[in-house]
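Overview (structure and organization)
The primary structure of each chain is shown beneath.
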Amino acid sequence: MRIHVATDHAGFELKAALVEHLRSAGHDVVDHGAFEYDALDAYPPFCFAAGEAVAAEPESLGIVLGGSGNGEQIAANKVPGIRAALAWKPEIAQLARAHNDANVVALGARQHTIEEALAIVDAFIAEPFSGDVRHIQRIEMVTAYVEAHTR
């Protein structure tokens, strides 16, 4: 599976561990930065790039990292076609995929050990969308709202 990964300085170390872990599991990982540690960089451009890549490749998934994951989730969700979910444990990552068909997961690098983060990401990647009608209807409601209110 192709997985698009992005972070700012706050998730720089975690991103390196995730990329290695995902590649060793056979995934095609595309790194959207940051490519060097810069304590003054900002997450939005990195998250936009990863989100745009996921939106362009519907069979792919994305991972955005930052200090808390909150801003990164918000930024990724500004990209049309992205459903980014902040996950803080594997069960939340699974629910985001199964119920919301989330295609991007956001994690707070300062909130988890590397082992915890790997478990969350693995759960997210492994869980398919359930396809349940009630979940499809809810996703369609959100999509319709966004389309009706986009200038």
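As recorded in an unreviewed UniProt entry, the chain goes by Ribose-5-phosphate isomerase B and comes from Cellulomonas chengniuliangii. Listed in UniProt under the heading Sequence similarities (unreviewed entry), the comment for the chain reads: "Belongs to the LacAB/RpiB family." In its Pathway (unreviewed entry) section, the UniProt record describing the chain reads: "Carbohydrate degradation; pentose phosphate pathway; D-ribose 5-phosphate from D-ribulose 5-phosphate (non-oxidative stage): step 1/1."

Here we take up the overall build of the chain. Counting secondary structure elements, the chain contains six helices and five strands. Reading the secondary structure of the chain in the N-to-C direction produces β-α-β-α-β-α-β-α-β-α-α. For a compact globule of 151 residues, the expected C-alpha radius of gyration is about 15 Å, and the chain comes in at 14 Å, within 12% of that figure. Its C-alpha atoms give the chain principal-axis dimensions of about 40 × 35 × 25 Å. Scored against the burial criterion, the 151 residues of the chain give a buried share of 43%.

Attention now moves to helix α3 (residues 70-77). Among the residues making up α3, those that are buried are Gly71, Glu72, Ala75 and Ala76. Buried residues along α3 cover an arc of 130° about the axis, so they all sit on one side. In this fold, the buried residues of α3 make contact with α2 (43-56), β3 (61-66), β4 (84-86) and β5 (104-108).

On to the environment of Phe48. Examined against the element boundaries, Phe48 turns out to sit in helix α2. Phe48 sits in the partly exposed class, given a relative accessible area of 34%. Sequence spacing of Phe48 and Phe12 is 36 residues, and the spatial spacing of their C-alpha atoms is 17 Å.

Here the focus is the nonpolar core. Of all hydrophobic cores here, the largest spans 25 residues; its most connected members are Val5, Leu18, Leu22, Ile63, Leu107 and Val121. Listed by contribution, the elements that provide at least two residues to this core are β1 (2-7), α1 (12-24), β3, α4 (90-100), β5 and α5 (114-126). Considering every element that reaches this core, the biggest residue donor is α5, with seven residues. Residues Ala34, Val64, Val79 and Ile82 belong to the second largest nonpolar core, which totals 14 residues.

This part is about the packing of α2 against α3. Viewed as axis vectors pointing N to C, α2 and α3 meet at an angle of 50°, and their least axial separation amounts to 8 Å. In terms of their interaxial angle, α2 and α3 are classed as oblique. Crossing of α2 against α3: the hand is right-handed. Facing α2, whose interface residues are Tyr43, Pro44, Cys47 and Phe48, α3 presents Gly71, Glu72, Ala75 and Ala76. Tallied by class, the residues present in the contact of α2 with α3 amount to six nonpolar, one polar and one charged.

Here we come to the layout of surface pockets. The computed volume of the largest pocket comes to approximately 580 Å³. Every residue lining the largest pocket is counted, 24 residues in all, and those nearest its centre are Asn77, Ile82, Arg83, Val142 and Val146. Those elements that place two or more of their residues in the lining of the largest pocket are β4, α4 and α6 (133-149). Examining the composition of the lining of the largest pocket, we find that seven residues originate from one element, α6, more than from any other.

Below, the discussion takes up the sheet that holds β5. Ordered by their spatial adjacency, five strands build an open sheet running β2-β1-β3-β5-β4, and the pairing between neighbours is parallel. Of all strands in the sheet, those bounded by a partner on one side alone are β2 (28-31) and β4. If you compare each strand with its neighbour and ignore which way they point, the axes differ by 25° on average. By the bridge criterion, four bridges tie β1 to β2 in an arrangement that is parallel. Bridge pairing in β2 places Arg2 opposite Asp28.

Calculation criteria
- Residues numbered from 1 in each chain as written.
- Predicted model: local features only at pLDDT ≥ 70, side-chain atom pairs only at ≥ 80, totals over all residues.
- Heavy atoms only, no water.
- UniProt positions renumbered as here; feature names shortened; annotations may be inferred.
- Helix = DSSP H or I, 4+ residues; strand = E, 2+ residues; numbered from the N terminus.
- Rg over C-alpha atoms; globule rule 2.2 N^0.38 Å.
- Buried < 20%, exposed > 50% of the residue type's maximum accessible area, 1.4 Å probe, protein only.
- Arc of directions from axis to C-beta.
- Contact = heavy atoms within 4.5 Å.
- Core = buried A, V, L, I, M, F, W, Y, C linked by side-chain atoms within 4.5 Å.
- Axes fitted to C-alpha atoms, helices over the stretch in contact; angles between N-to-C directions.
- Parallel < 35°, antiparallel > 145°, perpendicular 65-115°, else oblique.
- Left-handed = near helix turned anticlockwise from the far one by under 90°.
- Nonpolar A, V, L, I, M, F, W, Y, C, P; charged D, E, K, R; others polar.
- 1 Å grid on protein atoms, 1.4 Å probe; cavity = no way out; pocket = protein on both sides within 12 Å on 5 of 7 lines; lining within 4 Å.
- Points joined across faces, edges and corners; volume = space filled by probe spheres on them.
- Pairing = 2+ DSSP bridges.

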